Amino acid sequence: MEITDIKVRKIFEGGPMKAIVSVTFDNQLAVHDIKVINARDKFFIVMPSRKNPDNTYRDIIHPINASFRTMLENAVIDAYEVELASAAADRMLEDQAAADYASEQQDSE
């Protein structure tokens, strides 16, 4: 099974949950709501789950073996880090554009 797409849906600044991600396999199956968690200086993923009547949680979908889980976790965390870097670069460009605009406004006065 091949990962054909990873979309970082939302990034969070504070708290242990850092992102919500969707992963597509073989261009045929999408898994939504995979969470990227950072705890004890380690990133890991949490698969989508539902709450049971006894207030416990059960994964809706999950890897069956450790090697697939490791491959999925590495791919998702890599995609999160790329998206985080891209968002930081975008913010830097926006800040620079705002500073340039402010400078131009001051020069025209």
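For clarity, every value in this text was computed on a predicted model and none was experimentally measured.

Asks: Help me understand the overall build of the protein in this model?
Replies: Looking only at helices and strands, the protein has one helix and six strands in total. Mapped in sequence order, the helices and strands of the protein form the string β-β-β-β-β-β-α. The C-alpha atoms of the protein give 19 Å as radius of gyration, which overshoots the globular expectation for 109 residues (13 Å, by more than 25%). Dimensions of the protein, computed from the C-alpha atoms along their principal axes, are close to 65 × 35 × 25 Å.

Asks: Help me out: how do you make sense of a negative patch on the surface in this one?
Replies: Together, Glu83, Asp90, Glu94 and Asp95 make up a negatively charged patch on the protein surface. Structurally, Glu94 can be placed in helix α1 (residues 66-108). Relative accessible area serves as the criterion here: at 55%, Glu94 is assigned to the exposed category.

Asks: Looking at this structure, I do not really get the pattern of salt bridges. What am I missing?
Replies: One side chain can pair with another of opposite charge once the charged atoms of both are near each other. Scanning the entire structure with this criterion turns up one salt bridge. A salt bridge links Asp5 to Lys7; the nearest nitrogen and oxygen atoms lie 2.5 Å apart. Under the relative-accessibility criterion, Asp5 is labelled partly exposed at 28%. For Lys7, a relative accessible area of 40% gives the class partly exposed.

Asks: Got a minute to help me understand the sheet that holds strand β4 (residues 42-46) in this structure?
Replies: Where strands meet in a sheet, backbone hydrogen bonds hold them as pairs that are either parallel or antiparallel. Spatially, the four strands line up as an open sheet ordered β1-β2-β3-β4, and their pairing is antiparallel. Unpaired on one side and paired on the other, β1 (3-11) and β4 mark the two borders of the sheet. Neighbour-to-neighbour, the strand axes of this sheet turn through a mean angle of 30°, independent of strand direction. Bridge count for strand β2 (residues 17-25) against strand β3 (residues 29-39) is seven bridges, and the pairing is antiparallel. Bridge assignment links Met17 to a residue of β3, and that residue is Ile37.

Asks: What is the right way to look at a nonpolar patch on the surface in this model?
Replies: Judged by side-chain polarity, Met1, Leu29, Ile60 and Ile61 come together as a nonpolar surface patch covering roughly 390 Å² of accessible area. Under the relative-accessibility criterion, Leu29 is labelled partly exposed at 39%.

Rules behind the numbers
Residues numbered from 1 in each chain as written. Predicted model: local features only at pLDDT ≥ 70, side-chain atom pairs only at ≥ 80, totals over all residues. Heavy atoms only, no water. Helix = DSSP H or I, 4+ residues; strand = E, 2+ residues; numbered from the N terminus. Rg over C-alpha atoms; globule rule 2.2 N^0.38 Å. Patch = residues over 30% accessible without salt bridge, like charges linked within 9 Å, V, L, I, M, F, W, Y side chains within 5 Å. Areas by Shrake-Rupley, 256 points an atom, 1.4 Å probe, with all protein chains shown as cover. Salt bridge = Lys/Arg side-chain N within 4 Å of Asp/Glu carboxyl O. Lys, Arg positive; Asp, Glu negative; His and termini not counted. Charge placed at Lys NZ, Arg CZ, Asp CG, Glu CD. Buried < 20%, exposed > 50% of the residue type's maximum accessible area, 1.4 Å probe, protein only. Pairing = 2+ DSSP bridges. Axes fitted to C-alpha atoms, helices over the stretch in contact; angles between N-to-C directions.

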